[in-house]
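Commentary on secondary and tertiary structure
The lines below spell out each chain.
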Amino acid sequence: MGKSFSSNQPRLELLPNELFIEIFEYMDSVDLRNFKGLNKRIDLIIEGLKINVNIHRMEILNTTFLSAFNPSQIIRLEMRNPWSSMNLTSMMELRSLTLDCGCLTREQLDQMTTLTLCCLERLSVHNTTPNLQKLLLDTILRGVHFPSLKICQLKLKPTHDLELCNTNRLPNNTVRSLTINNKWSWHEFEFLLYRLPHLRRLEANLSRLYSVSVTSINPHSSIKHLRITLDNPSDDLKTLLKLTPNLVRLRIRGSLKNISVFTHFEKTAQALSDLVPHLQYFDCELYSYSYEDDKALTIQCLHPLYRDIQRLCGQSFNQCYATDINTYPTPNEYECEYFDETVF
């Protein structure tokens, strides 16, 4: 057995560097760390690799293994655990960064709005603190600290005082996709579109359009994919479509309140045909509390993109007309209180 091991050992050493590189690229950073220190050749190969670090929340995590790598080797970091020694300013080659702000130290939070990562293309930030939210959003929109950023996802804590700084737009802002869960006013939404001239995909929430005029908003011709939640989709959708005339994919979510379901879809069908002629995909998740019979089959005939619409029933007269979900979501913020049907 010892002789067999001895005879096989030189064969491993004869493998070309390219094969070691291919093998190591399939390993996560924890397992790759175990190969450090075997010999000088293996160490040199590992030191030349680009590292993906993906660590989710666990009760106990020993991050000392990361000290085996040069910070400039890390090109993708997904960290949902406390890592007290993490220094983002030393990870200058980062291309993708995902962080849970609830796990960061005060110093690390400060780094988020001051460091410059020239190679960063994807940024996802969860559980931002109220003080960080505005600073982080302004940092992203300025486009100076993350000049290569293309995809951005921000899961902010609900707030009513998140206002954008009124600074000049940078026409070379590279953000192409933005997902942000904060609810925007129409004025803030206008400013957001203005600051991101090359945006192609947007996922956001919009508050109800009151008497404030939005006729001054210029159409955003580059947006192709829109996933939007509206407080009042029956009234506000037409205005939104005027701002995004080149849409290819649309998903709309919200409550129809007391509006007739059929009337809403009939009006929307006309708006889709008139305002977004390039639209190819339409999805919806629209809630109502209505005594109407199932109108799904009739609605499907109103527009070719309505063919997948179906009615999902909740308690009492709660219902949802949707294309891409199969069961009524419970609970949800549009759920009306249950009433005893016997009183009607």
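Small disclaimer: the values here were computed from a predicted structure and weren't measured.

1. Topic: the nonpolar core
The nonpolar side chains of a soluble globular protein tend to be buried, and buried together. In this structure, Leu-77, Leu-88 and Phe-282 are the most contacted members of the largest nonpolar core, which totals 82 residues. Residues within four places of Phe-282 in sequence aside, it is in contact with Leu-250, Ile-252, Leu-272, Leu-305, Tyr-306, Ile-309 and Thr-323. Within the second largest apolar cluster, six residues are counted, among which are Leu-312, Ala-322, Tyr-328 and Tyr-334.

2. Remarks on the pattern of salt bridges
Taken as a whole, this structure holds eleven salt bridges when the rule is applied. Its salt-bridge partner being Arg-227, residue Glu-203 comes within 3.5 Å of it at the nearest N-O pair. In this pair, Glu-203 sits in strand β7 (residues 201-206) while Arg-227 sits in strand β8 (residues 225-230), placing the two residues 24 residues apart along the sequence. Taking relative accessible area as the criterion, Arg-227 reaches 36% and is therefore assigned partly exposed. The partner of Arg-311 in a salt bridge is Asp-294, with the nearest N and O atoms 3.8 Å apart. Of this pair, Arg-311 sits in strand β11 (residues 310-313) while Asp-294 sits in the loop between β10 (281-289) and α10 (296-300), and the two are 17 residues apart along the sequence.

3. Focus: helix α9 (residues 261-275)
With 15 residues, α9 extends 21 Å from end C-alpha to end C-alpha; this agrees with the ideal 21 Å at 1.5 Å per step. Of the positions making up α9, those classed as buried are Val-261, His-264, Phe-265, Thr-268, Ala-269, Ala-271 and Leu-272. On the buried face of α9, the contacting elements are α8 (233-243), β9 (249-257), β10, α10 and β12 (318-322).

How each quantity is defined
- Throughout, residues of each chain are indexed from 1 in the direction in which the sequence is written.
- Where totals are concerned, whole chains, interfaces and linings use all residues; where local detail is concerned, this predicted model gives features only for residues with pLDDT of at least 70, and gives and counts side-chain atom pairs only at 80 or more.
- No hydrogens and no water enter the side-chain calculation; it runs on all heavy atoms of the structure.
- Note on terminology: a nonpolar core comprises buried Ala, Val, Leu, Ile, Met, Phe, Trp, Tyr and Cys residues joined through side-chain atoms within 4.5 Å.
- Exposed residues in this analysis have more than 50% of their type's maximum accessible area, buried residues have under 20%, and partly exposed residues fall in between, with area computed by a 1.4 Å probe over protein chains only.
- Contact definition: two residues touch when any of their heavy atoms are within 4.5 Å.
- Salt bridges are defined as contacts in which a side-chain nitrogen from Lys or Arg sits within 4 Å of a carboxyl oxygen from Asp or Glu.
- Helix and strand assignments come from DSSP, with helices taken as H or I runs of at least 4 residues and strands as E runs of at least 2, each series counted from the N terminus.
- To estimate how far a helix should reach, multiply one less than its number of residues by 1.5 Å.

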